[in-house]
Each structure stands twice: as structure tokens, then as C-alpha cells.
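Residue-level structure breakdown
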Amino acid sequence: MRDSMLVRGTSIVTAAMVLGLMQAPCASAQAPRSGLNLHAPDLPPPANEPRVYLPGEPQPPDPGTFGYDPATGRYKDPAMTPDAFGTHPFAGSLPYLDLNTYSSNVKVEAFNPHLPGAGHTWQTSLDWKGRRYLYDYYRTTYTVFDITDPHAIKEIAHKEFKITDGDFGPFTVKYNKKLNKLLAVQCYETPRYGIIQNKYLHPEQVQIIRQMKMLRGFRFYEVTGPVFTDWKVLSETSLDPYHSPQTQPQQGSGCLDIPVYNGDKYLFVAGAPDDTFANTEYKTYLYAGGQLAYDVSDPVHPKLLSMWWAPGSRLDEAAEYRKNPRAGNKTSWMGARMPLFIPKPAEQGGKYGYAAMGGFGFFVVDISDPAQMHAVAHLDMPVSVTGTEGDNIDVSKVETTGMVYYSGYPMSEDCYEPYKDIYTIDVHDPLHPKIVNTLPRPRPPADAPFTDFCQRRGSFGPKRSGYAMINTGAPSQRYMPYSFYNAGMQIFDVSNAEKPTIAGYFVPPMTGPNVAPYSDHVRAVANPVHSIYVEWDRNLIWVFTNHGFYVLSSTLLGPPRFSIH
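Below: a short report on this structure. (Residues numbered from 1 in each chain as written. Predicted model: local features only at pLDDT ≥ 70, side-chain atom pairs only at ≥ 80, totals over all residues. Heavy atoms only, no water.)

1. Details of the nonpolar core
Put simply, the rule reads: Residues grouped as a nonpolar core are buried Ala, Val, Leu, Ile, Met, Phe, Trp, Tyr and Cys residues, joined through side-chain atoms within 4.5 Å. Exposed residues in this analysis have more than 50% of their type's maximum accessible area, buried residues have under 20%, and partly exposed residues fall in between, with area computed by a 1.4 Å probe over protein chains only. Secondary structure follows DSSP: runs of H or I at least 4 residues long count as helices, runs of E at least 2 residues long count as strands, and numbering of each begins at the N terminus. Should any heavy atoms of two residues lie within 4.5 Å, those residues are counted as being in contact.
Judged by nonpolar contacts, the single largest core of 106 residues is most densely connected at Y354, F362 and W542. Counting residues per element, this core draws most heavily on strand β14 (residues 266-272), which supplies six residues. With near-sequence residues (within four places) excluded, Y354 lies in contact with L340, F341, P343, F362, F363, V364, I393, V395, V398, V404 and V427. Of all hydrophobic cores here, the second largest spans 30 residues; its members include A40, L94, M403 and Y419.

2. Some details on the state of the cysteines
Under the convention used in this document: The definition used for a disulfide is geometric: two cysteine sulfur atoms within 2.5 Å.
What the rule picks out here adds up to two disulfides. Across the disulfide, C415 is cross-linked to C454 (sulfur-sulfur distance 2.0 Å). Residues C415 and C454 are joined by a disulfide whose S-S torsion is about -90°; by sign, that bridge is left-handed. Here C415 is found in the loop between β21 (403-409) and β22 (422-426), whereas its partner C454 is found in the loop between β23 (434-438) and β24 (479-483), with 39 residues between them in sequence. For the pair formed by C415 and C454, the shared burial category is buried.

3. As for the pattern of salt bridges
For clarity, the cut-off: We count a salt bridge whenever a side-chain nitrogen from Lys or Arg sits within 4 Å of a carboxyl oxygen from Asp or Glu.
All told, the structure shown has 25 salt bridges when counted by the stated rule. Measuring nitrogen to oxygen at the nearest pair gives 2.7 Å for the salt bridge that ties R132 to E535. Here R132 is found in strand β6 (residues 131-137), whereas its partner E535 is found in strand β27 (residues 529-535), with 403 residues between them in sequence. The same class applies to R132 as to E535, namely buried. Its salt-bridge partner being D391, residue R337 comes within 3.5 Å of it at the nearest N-O pair. With R337 in the loop between α4 (318-321) and β17 (352-356) and D391 in strand β20 (residues 388-394), this residue pair connects regions lying 54 residues apart in the sequence. Here the salt bridges share partners, and the residues they tie into one network are D127, R132, E535, D537 and R538.

What follows is the structure, encoded as C-alpha cells:
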């Protein structure tokens, strides 16, 4: 049922009207403006600047092989595309950013216009002295909120950074029983965008990254309150085995995304420890990351236990790398983008972690002895170029169902790339995983002024199901929320793994008053939902967009709780 409070005043357009108006062959066929969209911001036309394609790079697909079919109201995805910034409207695209909101089985409890980043943000939460705090941040800024009462969110700290030794990276906070302290571990990584436009054409830009003086690794902190700047640094660790944290420049990528730490003995991070981990295609990135395990029993002196990487990641593994159909395409992300996804900590007897290794595919990794991590199974995933092909694995239900959910995410606008499916993978027998099916593709409600989300502009496809290290409480064994860019937040019902369905959704406006409607040099500005944070212990879903964040409850999850006591 739609949330009438949010869509009140929006005119309903029939499917017949939409289909009739969208048969015009022009690249930005006019759809009727009404209600909230009467003054919606326009999108610019596609850039028509000539482009030279490098040897091996995918060419633009034949226009007759993909696009919107007005007879069915469905968009057919291209089979393969080159990496491309900017708009790619097609006959049937909306020429404006839709300002309507669509929802089913959710209720908006609160909204906050705070915006640390329009294309992506990280979240971290911590409980301190009977209150719950949320960090919403990205690279050069963070804001801390007291979210104890979701209806009365209070900002308690904000900081902008001019960082000289690396971005303000993703972190997690956990209680260490042995030390009786709350500890945080934070990752620091070389930039993925902004410095290198094309590593194949600009070696001087590559050297800027190589020579960048920064910590390429992680720091441990003693958390002494909810504000980051009050914390005490316990240690610095470089992933680079050849340079100490104080010796710069270091080699490698540094530490990628949210570190996996449960407050106990082991830490798992992803990254490339040196410059030999370089067999990756993407134009702006230099590294093919692997998986590293550390003994952090003493967080002052972390010790590397072992490292595992996908065969073909290193320069001296070129023969293995060339076996991959993506080799040489100048487009694919190869190697780890996030650490291992671990359903049960190794300290508690957990045996397996699951690795999403970009174009290298899906791996099952034995972590029962973190000093000897090794892969026990591998699946080559279907080629889906461009975009990111292997980024996230939801393992929240594997202990009870034997299923994990694997996905990449889109990086082009207007569906100018293959759709990024979420794959259900059966790991009942972890030595022989198999793909069961894919989760259903979201469809817009009947009263939307479009019949396929590709028409809504921006990117369409999955991002992530929240960070397992951050989400609080025990996850539902039936429902799985997922951020979905222009399709908002989608809630999948996976109680029947053979027939998953969509049980609810929240699709906010494409933009808001506190963000520019479009910028051709910042990817994904026009993509509303890029991250979620789930409080399973309070049955609340926090949805982070390009114009602020929403707090949602849902009858699917159960009655919400508005305190932590």
C-alpha cells in the first residue's frame, strides 16, 4: 500500500497514456508532467563528444539490440557496454528527475536532510552510556547523530577534513571483553577517483598515486566517547610488508571498505599489499585486492597471519589472468572490493568466509585457521560488463538456509550496461556451491509515470544489503532489505529460496533541494538510494539518499522500537 502522506497531490497517469506518449523515437521522449513533477529538474542531453576506444575495450552496442519496448513497457538491457560517464537517455526515458515517492509495507518515521555525499556514504553505529550514536560519513566529512530516539535525532558533532595522510575511511566499533574497552578499527585506501582519469593514457597520474604519502592500512582506536576526535590511537598498521606505517610512500592500495572485526582475536581486511597486485582492468584503479587476516589479540601490535588472493591477481600470474574472459577489456574491476563476508566468527568456531572478488568471481574461503586461509571452492560468475560484477555477499541467512546472495552494482546511468542480478547461491555443500536463481527485478507501481525503472534515469540495480559489521541485532531469516539506487530500498522475501519475491519497498524522490540535480563529473549524483543501515534489534531501516536520510519501519519486520532500553 502506498504511503499517501508522501505522494498526496501526485496525479495518477494510466499505463496506456504513458505507453502512447513513449513511442516517439526521440532520445528523451516526453512523458506527461503532473503533480510533484510539474517543476521537476530537467536532465541534460547526452554528451556527444568523440571518444577513442582503447584496444580490447568494449564498443558501444548496436542500438537495435537494447532499449525500451513500448509494447511491453519493459527495457531490454544491452549485453555489454564500455564504461561511460554521463547520461544515456533512450526513447522512453523521462526528461526530468521524478520527484514522486512510492512505498509498500513501510512507514516513514523520520527524515533528516543531512548529506555527507551524494553518490555514496558509509555508516557506523555505537552504543555509549545508554545511548545509540550513528556516524554518517564519506572520505572528507563525518557527522555524528544521537539516534536513541529516532523521532528526535540530534546532531552532536560534525567535521570537515583536509586530509594529508589519507581519506577518512570506513570503520567499525566493537566491544573488547578482554580489555573491557570499546575499540574502533578504521581503513585507509588510495583514491579510486579524482586523480587518475585513465591509467592507460596518463602514466603521470599513476605516479601521483604511487608517490602519495599516506597510511595504506588501518588504525586501532580506543573509543572514549561518541566523537571521533576524542579517541585514542592505539596502533597504525601498513598492509605493505616492505614499509612501516611511518615510512612513506608505501606500496599497494591500503585497506578497502568496512573492516571485519568482532571485538575479539581476529581482524579481516581486503587490500593489495604491494604494487604487484595489479592485474585489474578499470581505468582509474591500479590494484587487484586480496584478503588478509590479522591477530589483534593485542590491538597495539597487530600481527599478519596470512593472505589469500584470487589466482591471476599478481603481475607474475599473467598466464592465469589471461584465462579470464575480461582480461584486456580496460573496463572490469578485478579483485576484492570488500573484506570476507563471515557469518560466524572464527573465534566462535566459524569455518568459512565468502569472497566477492570482482571479475574473478565467487569464492568459499576456509578461515577455520586464519593463519592458513585458503579457498576451497570457486564459481565463475556470468560476465556483466560494464559496472561492478562482484561486490557484496549477504550471508545473514546461510546458517539457517544454506543460501548466500551475491551481487555487483551498476556504475552507468540510464541502464547503459547489463543489469546486475542478485544471485542466490546454495552453499549447503561449501565445496560445491551452485547458483540457484536470481532475485526478482523490481518493477515500478502501476501509477508511476514510467513502466520500467530504467526510464526513471540515474542508475538502476542493487548496491548492498547494509554492512553486517554495522547492522545491529539478529537479522530476519525471511526478509532482506537492499539499497537499489533509483528503485530505492527493496525488501526481498527469501523464505522460499526457489521462489523469492519482493514484499515491500520505499522509493524516494530522485533528488532534493539540498543537492544539485546532476553533475557530469560526479558519478551517481542522480541516484537516490546508495546505502542502508538496519537496526534489526529495533525493526528500523535507515535509508541514505542523495538528499538526506529516512528512518523506516515495516510491518514485515515487526513492531518498531523507539528506545534502546
